[in-house]
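Analysis of the macromolecular model
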Amino acid sequence: MTRDDRDESPQHLNRAEQLRSSEFVQARDVHGGVHFHQRRPAGNDPPRQLPADIRNFSNRREELGQLDGLLAGQAHESLVVITGTAGVGKTALALHWAHRVRRDFPDGQLYINLKGYDPGILVTPEQALDRFLRALGVPPAEIPHDAEERAALFRSHLADRRVLLVLDNAANSNQVRPLLPGTASCLTIVTSRNRLSGLVVRDGGRRLILNILPETDAIELLANVTVHYRVNDTAEQFRELALLCGRLPLALRIAAERAASRPFMPLSELIQDLRDESALWEALSIGDDEEAEAVRTVFAWSYRALSEEAARLFRLLGLHPTPVFEATVAGALLGMEQRVKHLLDVLVAAHLLEQIGPDRYQLHDLLRAYAIDQVRDQETEDDRQAALRRVLAWYLHASDAALVVLAPFNRTVALTEPVVTPPPVFGGEAEARTWFETERENLMAATVVAGQSGFEDISWQLAAVLRSIYMHQNAFDDWLITGFAGLAAARAVHNRYGESEVLESLGKAHFQARRLAEAETYHLEALNIRREIGNKFGEAVSTNALGLLGLRHRHLDKSIDYFRQSLAIFRDLGARRWEALLLSNLGEALYELGSLTEAVDNLEQALIVQREIGDRAQEGNSLFFLSRAQRELGLFAEASRSIGDALDIAHTAHNQVWLAHWLVEQARVLRAAGRTAEALDPLQSASAIQRKLGDRSREAMALDCTGETYRELGQPEEATQFHLQAMKTHRELGDTWNLVIALDNLATALSGAGRTEDARSYWIEAADLLSRLSDPRAATMRRRVNAALGRI
């Protein structure tokens, strides 16, 4: 793990329940009071996630009336469960009604397809919560890894807000329950083929059972779809067609669309074709599910009417890892780029495929299951594998293309899988980031499917490529799923190099999730393999990662040893960027150890290389640590120049992450130079930016420094408020060292305010924590804290 990985990735949240009620402090001026403001939910515009309303929605008047009744009166229902057989129109009803009432929910509408009956991977509650929280504007850094804390944070953000949730295609109650708001001001609509009795009995949900359409309603639906295209069709013909479709809306719409597209073919002929298809199905099936047979009959009837090219595309779509895809992916499945859009339009026109965006398509789960049956029946094993390989390879190369734009220095895995369909060319970071967010689910599923389908090299390479994108998104669920899938794939084919790459990914994921023991295990495994296979570059990367773990644990001697080992290897390899990075990491560790002059020497060496190769990001980071060392050496003018140069880099790059972190050091330099009052401005800016970014750890550091500044200005009571908030956050995040600093600062402020007994308790806690640390800075602080306790 590189130092810049750690610095640019926001810190991970461990305690979510208290987030919404937590307060932040804003300083207005040196002499005024301290102003508290309630933390507002992040984000600007409310989420509007509902898919498009259903075109030509017909009838269901009774059911719509029942749903309208949910909002009647003051104590309206907060949970409704729409159940019914496959294809009966549960999603259509839920979405149509949701659009009708969306203005009653001004704080937003959330939607997710839980894929309870999809042949692929179900959406877990944790994944759904992650997507909802991001949609609500929660920064990735504030989304907990723990499932219960994630659900608690979701409930906190929905408290006292009017939000409509549509949870589509739920498999069971356990998949739904963590997604339920804890407030009656929200309304949740769940659709499922199961009765979900647990939600009704335990959670007080209202069940609405959706039956097949009454005959008159089914006839009306057929007539509405065909009215502008056909004449002379009779009610009796519509009645027979509706009967053959099982009076199921999905089958009725497909049949009506086919009739509308053949305006001059008598409806009696279409009915006869469908009747013949039905007879064929009856001969092949066991006949225990008339509704399912009706749906399959209509699918087969429409499928057989397609051209060979369109039919082949439809069945190949059954191989795609998820039901949602873009047009280029369809081309990859076919192995061609020409006419793909036309074939997709044919499938959309036949109601066998839904277009959900300008270049986005979706297969209904029943149609996807039918496509899977057809591709297994009509394509050879070799052809199926070739098509799947093409689409998985496309996702691999497309991810690599995004990585070139988003994190080019982290592109270390050489792709061995050829690609047929060219990957996208991204015009910039925003475009690449949008593509990644759009394809997140497909990328995760592609990694898993590749490992399960005999394409192990694609699986582990995709997992390795994705790690460098996930690390800047804190997408822990997807990161771990792809990591474990890639690891299993690499081990299945005994690819030790691939295994080490994915172990590194899992080490990084656990490091950022603050699961440090597991992170160390994965990094040590990766290091051992890399030494075994003679991968010197990988060995140096793993050694650096262990050095960063040592820094986090404050095992500084061990950390410095790891950094020096890594530095020696990178120098032998001539890897100058990494050499400079390790010099900077070593400088930081030496600074923490108190070896300030040696820290300055290493950081100045790092800066020489970073300026030669134009690595502005790491140059700024090295300047930041150089300023800290110079400041403690009493070189205030030099420290001011260093941090000023770092801030210039942040401003030029328009990088708020760097700016907010480095502004705190500018404030420390101003304080050290006797310009204490001037330090409040950069601290206020730093706190505001960190709050927006969601980096609670660094926001707490800024608040703690603000408290120190107020104390130096002779306002210890104001200082205590800042130290209290910093202490609370560091405690929640499990950051022992910064907690100790905040406890000492708080006790000092309380003592200065004459509250010695309160100060004693915090110094006692600090002394206890310091007794577990052995580095020189900890020893110095322990002596100071014990001396303070001896005076009171």
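Just so it is clear, the model here is predicted, and its values are computed rather than measured. (Residues numbered from 1 in each chain as written. Predicted model: local features only at pLDDT ≥ 70, side-chain atom pairs only at ≥ 80, totals over all residues. Heavy atoms only, no water.)

Observations concerning the pairing of strand S5 (residues 164-168)
Across a regular strand the side chains alternate sides, sitting on one face of the sheet and then on the other. Within S5, five of the five residues are buried, which leaves the element mostly enclosed by the surrounding structure. Where burial is concerned, the two faces of S5 agree: the one with Leu-164, Val-166 and Asp-168 and the one with Leu-165 and Leu-167 are both buried. Bridge analysis of strand S4 (residues 109-113) against S5 gives five bridges, and the strand direction is parallel. In the strand pairing of S5, Ile-112 is matched with Leu-167. (Buried < 20%, exposed > 50% of the residue type's maximum accessible area, 1.4 Å probe, protein only. Helix = DSSP H or I, 4+ residues; strand = E, 2+ residues; numbered from the N terminus. Pairing = 2+ DSSP bridges.)

A few points about the sheet that holds strand S10 (residues 360-362)
Two strands in a sheet stick together by hydrogen bonds in their backbones, pointing the same way (parallel) or opposite ways (antiparallel). Spatial ordering of the open sheet is given by S8-S10-S9, a layout of three strands whose pairing is antiparallel. With partners counted over all chains shown, the strands left at the sheet margins are strand S8 (324-326) and strand S9 (354-357), one partner each. Each strand axis lies, on average, 35° off the axis of its neighbour in the sheet, ignoring direction. The pairing of S8 with S10 spans three bridges and is classified as antiparallel. The residue bridging Phe-325 from the neighbouring strand is Tyr-361, located in S10. Against the sheet, helix H14 (residues 327-334) contacts S8 and S10, and its axis sits at roughly 90° relative to S8. (Axes fitted to C-alpha atoms, helices over the stretch in contact; angles between N-to-C directions. Contact = heavy atoms within 4.5 Å.)

Let's talk about the nonpolar core
In terms of nonpolar packing, the biggest core is built from 130 residues, with Phe-314, Leu-344 and Leu-347 touching the most fellow members. Among the elements that make up this core, the one with the highest residue count is helix H17 (residues 381-406) (12 residues). Residue contacts for Leu-347: discarding those within four places in its chain leaves Leu-306, Ala-310, Leu-313, Phe-314, Leu-317, Leu-352 and Leu-353. Among the nonpolar cores identified, the runner-up in size contains 59 residues, and Ile-569, Leu-607, Phe-624 and Trp-658 belong to it. (Core = buried A, V, L, I, M, F, W, Y, C linked by side-chain atoms within 4.5 Å.)

Points about the packing of helix H30 (residues 680-693) against helix H31 (residues 696-712)
Helices that pack against each other are described as a pair by the angle of their axes relative to one another and the distance between those axes. With their axes 8 Å apart at the nearest point, H30 and H31 run at an angle of 155° to one another. Put simply, H30 runs roughly antiparallel to H31. For H30 against H31, the interelement crossing comes out left-handed. Contacts between H30 and H31 involve Leu-680, Leu-683, Ala-686, Ser-687, Gln-690 and Arg-691 from the first element and Arg-698, Glu-699, Ala-702, Leu-703, Cys-705, Thr-706, Thr-709 and Tyr-710 from the second. Across the contact of H30 with H31, the residue classes tally to seven nonpolar, four polar and three charged. (Parallel < 35°, antiparallel > 145°, perpendicular 65-115°, else oblique. Left-handed = near helix turned anticlockwise from the far one by under 90°. Nonpolar A, V, L, I, M, F, W, Y, C, P; charged D, E, K, R; others polar.)

A closer look at the pattern of salt bridges
Close approach of charged atoms allows side chains with opposite charge to pair. Evaluated as defined, the whole model comprises 61 salt bridges. Put simply, Arg-467 and Glu-501 hold a salt bridge, and the shortest N to O gap is 2.7 Å. A residue pair is termed long-range when its members are at least 10 positions apart, and Arg-467 in helix H19 (residues 456-470) and Glu-501 in helix H21 (residues 496-512) qualify at 34 residues. One exposure class covers both Arg-467 and Glu-501, and it is buried. Bridged by salt links that share partners, the residues Asp-130, Arg-134, Glu-437, Arg-440 and Asp-478 form one connected network. (Salt bridge = Lys/Arg side-chain N within 4 Å of Asp/Glu carboxyl O.)

Here's the deal with the packing of aromatic side chains
One pass over the structure, following the stated rule, counts 19 aromatic pairs. With a centroid separation of 5.7 Å and 20° between ring planes, the pair formed by Phe-132 and Phe-154 is classed as stacked. Highlighted residues: Phe-132 in helix H4 (residues 125-135) and Phe-154 in helix H5 (residues 147-158), separated in sequence by 22 residues. Across the pair, Phe-154 and Phe-132 agree in class, each one buried. Ring plane angle 10° and centroid distance 5.3 Å describe the contact between Tyr-710 and Phe-722, whose orientation is recorded as stacked. Of this pair, Tyr-710 sits in helix H31 while Phe-722 sits in helix H32 (residues 716-733); the two residues are 12 residues apart in sequence, bridging distant segments of the chain. By relative accessible area, Phe-722 is classed as buried at 1%. Chaining the aromatic ring pairs together yields one cluster made of Phe-299, Tyr-303, Phe-314 and Tyr-370. Over the ring of Trp-737 we find Arg-554; its NZ or CZ atom is 3.8 Å from the centre of that ring. Here the guanidinium or amino end of Arg-777 rests over the ring plane of Tyr-591, the centre of that ring lying 4.3 Å away. (Phe/Tyr/Trp six-rings, centres within 6.5 Å; stacked < 30°, edge-to-face > 60°. Lys NZ or Arg CZ within 6 Å of the ring centre and 35° of its normal.)

Notes on H14
Across the eight residues of H14, seven count as buried, placing the element largely inside the fold. Along H14, the residues classified as buried are Ala-327, Val-329, Ala-330, Gly-331, Ala-332, Leu-333 and Leu-334. Structurally, H14 contributes buried residues whose contacts are with helix H13 (308-316), S8, helix H15 (340-349), S10 and H17. With its phi angle positive at about 75°, Gly-335 sits one or two positions after the end of H14.

Comments concerning the environment of Arg-772
Note that Arg-772 resides in the loop between helix H34 (756-770) and helix H35 (776-791). A C-alpha to C-alpha distance of 40 Å links Arg-772 and Ala-653, two positions 119 residues apart in sequence. There is a polar contact of 2.6 Å between the side chain of Arg-772 and the side chain of Asp-768. (Polar contact = N/O pair within 3.5 Å; in protein donor to acceptor, adjacent residues only side chain to side chain.)

A word on the confidence of the model for the protein
Across the protein, the average pLDDT comes to 90, with 92% of residues at 70 or higher. Within the model, the stretch residues 4-43 combines pLDDT values under 50 with 133 contacts to residues more than four positions away or in other chains. Long-range and interchain partners of residues 284-288, a stretch whose pLDDT sits below 50, account for five contacts in this model, where long-range means more than four residues apart. (pLDDT = per-residue confidence, 0-100.)

What to know about the packing of H13 against H14
Running from amino to carboxyl end, H13 crosses H14 at an angle of 105°, the nearest separation of the two axes being 10 Å. With respect to H14, the axis of H13 lies roughly perpendicular. Residues Arg-312, Leu-313 and Leu-316 of H13 form the contact with H14, whose participating residues are Ala-330, Leu-333 and Leu-334. Along the lines of polarity and charge, the residues of the contact of H13 with H14 split into five nonpolar, no polar and one charged.

Quick word on unusual backbone geometry
Unusually for a residue other than glycine, Lys-115 sits at a positive phi of about 60°. Here Lys-115 shows up in the loop between S4 and H4. A positive phi angle, near 65°, is found at Arg-339, a position not held by glycine. Residue classification places Arg-339 among the partly exposed positions, given a relative accessible area of 44%.

Some remarks on the sheet that holds strand S7 (residues 206-209)
Reading across the sheet, the five strands line up as S4-S5-S6-S3-S7 and stay open at both edges, with parallel pairing between neighbours. One side of each edge strand has no neighbouring strand; the edge strands of this open sheet are S4 and S7. Within the sheet, the average angular offset between the axes of one strand and its neighbour, ignoring direction, is 15°. Looking at chain direction, strand S3 (residues 79-83) and S7 are connected through four bridges and run parallel. Considered in S7, the bridge of Ile-82 is made with Leu-208. Strand contacts of helix H3 (residues 90-101): S3, S4, S5, strand S6 (187-192) and S7, with the helix running at about 165° to S6, the strand carrying the most contacts. Strands S4 and S5 of the sheet are contacted by H4, whose axis makes an angle of about 150° with S4.

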